[in-house]
Amino acid sequence: MEREMTSMKVRFLGTAAFEGIPALFCGCELCKKAMELGGENIRTRTSVMLGDDLKVDFPPDTYTHMIRDRLDLDKVQDLILTHSHSDHLYAEDLVARLPGYSKTGDHPIQIYGNDLTIAKCKQMLDAEGGAQGKFVLNRVRPYDKLQLQTSRVVPLPAAHDPNETCLLYYIEKDDKTILYGHDTGTFPDETWEWLKDKKFDLVILECTVGHVDYQKTHMNIEAVLETKSTMVEYGMLKPVSEIVVTHFSHNAQLLHADLVDIFEPHSITVAFDGMVLEV
Ligand SMILES: [Zn+2]
Ligand SMILES: [Zn+2]
Ligand SMILES: [Zn+2]
């Protein structure tokens, strides 16, 4: 019997690094051009929805994402957090799901993250009387094998902020295998070691700094291309695998069309806000 192939919608809610594009307070050439051209050049802070029940990160633009894409955030069952930087976690807005602020379903949203992200969430919720059944906070460590309501997930070490255990996520959902690969510089050796015998349907990488000669805590174009080559070398990609780049900084001075010109010849997709992929 042939198994029916399922497909999953992957929605890129935001595709910018911390400052957004155009960036807050910025008058640089790129920000001016992005403001003028609009469309795919306007980028909010990063988050992705896998299906309608699994969300990665909770940036300050979540409210904007909800309105723009008419999201029903109450369908979210699991929220996984990469790290505590404010472009990935704006814990203040979690309070909006508490009784008295909103009418929601009865289910708690399960939140998974490192100790710092969980502490941030707890601090905000505690100031309002606690999670009150609306959230369950789960502290995770690298290599934990997590059975979520929506998926199976393994957090892996990123090369990002040396003061924090920043996490990449290996995700299995609806028969698909996904790598959520940022924020990070060139992957740490131990992460490659864990990943190298896996095969992916979708790999999401960051390209924060563009042409800038830097790969330590964020990736540049060269680091993205090297990461893809290593994946090809290890046999981690299927013929149908999709590689997507996201999390762009205005400091890279690249418009959406410039990024497409750079990555298209390498069969890498440049994300834009609101982009939906069928994986
Ligand atoms: Zn970031
Ligand atoms: Zn700028
Ligand atoms: Zn970060």
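The structure presented is a predicted model; accordingly, all values stated were derived computationally and were not measured.

**Describing the coordination of the zinc ion (ligand 3)**
His83 (NE2), His85 (ND1), His160 (NE2) and Asp183 (OD) make up the full set of protein donors to the zinc ion (ligand 3), lying at 2.1 to 2.4 Å. One can describe the donor arrangement at the zinc ion (ligand 3) as irregular, given that its four donor atoms subtend angles of 91 to 170° at the metal. Going along the chain, you hit the donors of the zinc ion (ligand 3) in the pattern H-x1-H-x74-H-x22-D. The partly exposed category is assigned to histidine 85, whose relative accessible area is 24%. In this structure aspartate 183 comes out as buried when scored by relative accessible area, which is 2%.

**Topic: the coordination of the zinc ion (ligand 1)**
On the protein side, the zinc ion (ligand 1) has Asp87 (OD), His88 (NE2), Asp183 (OD) and His247 (NE2) as donor atoms, found 2.1 to 2.2 Å from it. Coordination geometry of the zinc ion (ligand 1): the four donor atoms subtend angles of 88 to 161° at the metal centre, consistent with an arrangement described as irregular. Each donor residue of the zinc ion (ligand 1) lies on the same chain, and together they follow the pattern D-H-x94-D-x63-H. The metal-metal distance between the zinc ion (ligand 1) and the zinc ion (ligand 3) comes to 3.5 Å, with aspartate 183 coordinating both. Using a relative accessible area of 3% as the deciding quantity, one classes aspartate 87 as buried.

**Comments concerning helix 5 (residues 221-234)**
Residue pairs three or four apart in sequence face the same way in an α-helix, which turns once every 3.6 residues. With 14 residues, helix 5 extends 20 Å from end C-alpha to end C-alpha; this agrees with the ideal 20 Å at 1.5 Å per step. Residues of helix 5 that are buried include every one of Ile221, Ala223, Val224, Thr227, Lys228, Thr230 and Met231, and no others. Its buried side turned inward, helix 5 meets strand 10 (176-181), helix 4 (189-195), strand 11 (200-206), strand 12 (237-246), helix 6 (256-263) and strand 13 (268-270).

Cut-off values and rules
Residues numbered from 1 in each chain as written. Chains lettered and ligands numbered in written order. Predicted model: local features only at pLDDT ≥ 70, side-chain atom pairs only at ≥ 80, totals over all residues. Heavy atoms only, no water. Donors = N, O, S within 2.8 Å, 3.2 Å for Na, K, Ca; no water. Tetrahedral: all angles 85-135°; square planar, octahedral: opposite > 155°, others 65-115°. Buried < 20%, exposed > 50% of the residue type's maximum accessible area, 1.4 Å probe, protein only. Helix = DSSP H or I, 4+ residues; strand = E, 2+ residues; numbered from the N terminus. Expected span 1.5 Å × (residues − 1). Contact = heavy atoms within 4.5 Å.

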